[in-house]
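Overview (structure and organization)
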There are 2 protein chains.
Amino acid sequence: MEKNYDALKLDNQLCFPLYAAARETVKHYRPFLDELDITYTQYIAMMVLWEKDCVTVKDLGERLFLDSGTLTPVLKSMESKGLVERKRSGEDERCLIVSLTEEGKKLKEKAVEVPAKVSKCFNLTGEEAVTLYFLLKKVLEK
Amino acid sequence: MEKNYDALKLDNQLCFPLYAAARETVKHYRPFLDELDITYTQYIAMMVLWEKDCVTVKDLGERLFLDSGTLTPVLKSMESKGLVERKRSGEDERCLIVSLTEEGKKLKEKAVEVPAKVSKCFNLTGEEAVTLYFLLKKVLEK
DNA sequence: CACAATTAGATTGTACACAATTTATTATAC
DNA sequence: GTATAATAAATTGTGTACAATCTAATTGTG
């Protein structure tokens, strides 16, 4: 009786297409984000700030599922580009507050065109995209 | 008339939950893969080899959506662990053929337990998982 | 109030990802 | 047959990810 290894086939994995689709999709952003001179990680950090200026690294990390080990260098790079400022909170010196510069705020005007451009690269109907969105949200819960 | 920036809200993005869910899911593998002393990238490369031994770097890359810039160091690391061998093809010296060592083949016995352990971490019903799987596959097409 | 525990970021070290370039080899065109 | 184009990996350089550790500031407890 041969042991069954089907569970190990790449085509039977849920995680692998998730991992691959995420990378392929992020790649679609590159030509558009190159025009803004930012990376994808910087783009999602900017999205948080465009929605609500002045957030701590902790808040940003919880929102983006990233820790300080990832965010610290990313935010320093964004600061050196003149997109954000980083300063310690007066209330609690442990917290570092990230805020938009004028240039960072201005970038929103160019960025607002990006989602529509990228959505054209998706190989899904509107309905499929909605279904996918809610399933992914569910994966991220808890 | 205020311009509409809703398209830039993080909660309105499809790519972001895809990106975040992929990373969170890969993270679930870590404790189980630690026991096998391999990383997630090495795990999916091994899955390809367990299915069909002896593949070129090019084939592996097409299957995993990874290029030689990523695979070369990963495969060298796997070689140094004694899991695979790397040798040039006799037919075409440009091609490098990756094959399993005995130890690499043996690891399959331990690995076969991993998928079941990880699937318990998924917050989805069986039906939802199937739907998600096919939507992700569609995203990856062409 | 002292001091242990907690918390927020920063740092360190390892491992990808990926664009761009380079090198070696094979295929093609004249 | 030789120059040219194409192909497969390797290399280089930049930018994340993330676990583990460290440091400084704050909080909780006796």
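Residues numbered from 1 in each chain as written. Chains lettered and ligands numbered in written order. Predicted model: local features only at pLDDT ≥ 70, side-chain atom pairs only at ≥ 80, totals over all residues. Heavy atoms only, no water.

Along its length, chain A carries 7 helices and 3 strands. Listing every helix and strand of chain A by position from the N terminus yields α-α-β-α-α-β-β-α-α-α. Over its C-alpha atoms chain A spans a radius of gyration of 19 Å, topping by over 25% the 14 Å that the globule rule assigns to 142 residues. Along the three orthogonal principal directions, the C-alpha set of chain A runs to about 70 × 35 × 25 Å. Taking all 142 residues of chain A together, the buried fraction comes to 45%. The contacts of chain A with a sequence gap of at least 6 include a subset with a gap of at least 24, amounting to 51%. As presented, chain A carries roughly 7,800 Å² of accessible surface, and 52% of it is formed by carbon and sulfur atoms. Side-chain charges in chain A split into 23 positive and 24 negative, and the spacing between the mean points of these groups amounts to 2 Å. (Helix = DSSP H or I, 4+ residues; strand = E, 2+ residues; numbered from the N terminus. Rg over C-alpha atoms; globule rule 2.2 N^0.38 Å. Buried < 20%, exposed > 50% of the residue type's maximum accessible area, 1.4 Å probe, protein only. Contact = heavy atoms within 4.5 Å. Areas by Shrake-Rupley, 256 points an atom, 1.4 Å probe, with all protein chains shown as cover. Lys, Arg positive; Asp, Glu negative; His and termini not counted. Charge placed at Lys NZ, Arg CZ, Asp CG, Glu CD.)

What follows deals with the interface of chain B and chain A. On the chain A side, the residues contacting the 57 residues of chain B number 57 residues. With both sides pooled, the region where chain B packs onto chain A buries about 5,800 Å², and carbon together with sulfur makes up 70% of that total. Contact with chain A buries surface across chain B, with B:Leu8, B:Leu10 and B:Leu14 losing the most and accounting together for 12% of the total. Applying the counting rule to chain B against chain A returns 6 salt bridges. B:Lys138 is the partner of A:Glu128 in a salt bridge, and the nearest nitrogen-oxygen pair spans 2.8 Å. Linking chain B to chain A there are 20 residue pairs in polar contact (both at pLDDT 80 or more). Elements with a contribution of two residues or more to the side of chain B that touches chain A: helix 1 (15–36), helix 2 (40–51), helix 3 (57–64), helix 5 (102–111) and helix 7 (126–140) of chain B. Looking at the side of chain B that touches chain A, the element that brings in the most residues is helix 1 of chain B, giving 14 residues. Tallied by class, the residues present in the side of chain B that touches chain A amount to 36 nonpolar, 7 polar and 14 charged. (Buried area = accessible area lost by both parts, 1.4 Å probe. Salt bridge = Lys/Arg side-chain N within 4 Å of Asp/Glu carboxyl O. Polar contact = N/O pair within 3.5 Å; in protein donor to acceptor, adjacent residues only side chain to side chain. Nonpolar A, V, L, I, M, F, W, Y, C, P; charged D, E, K, R; others polar.)

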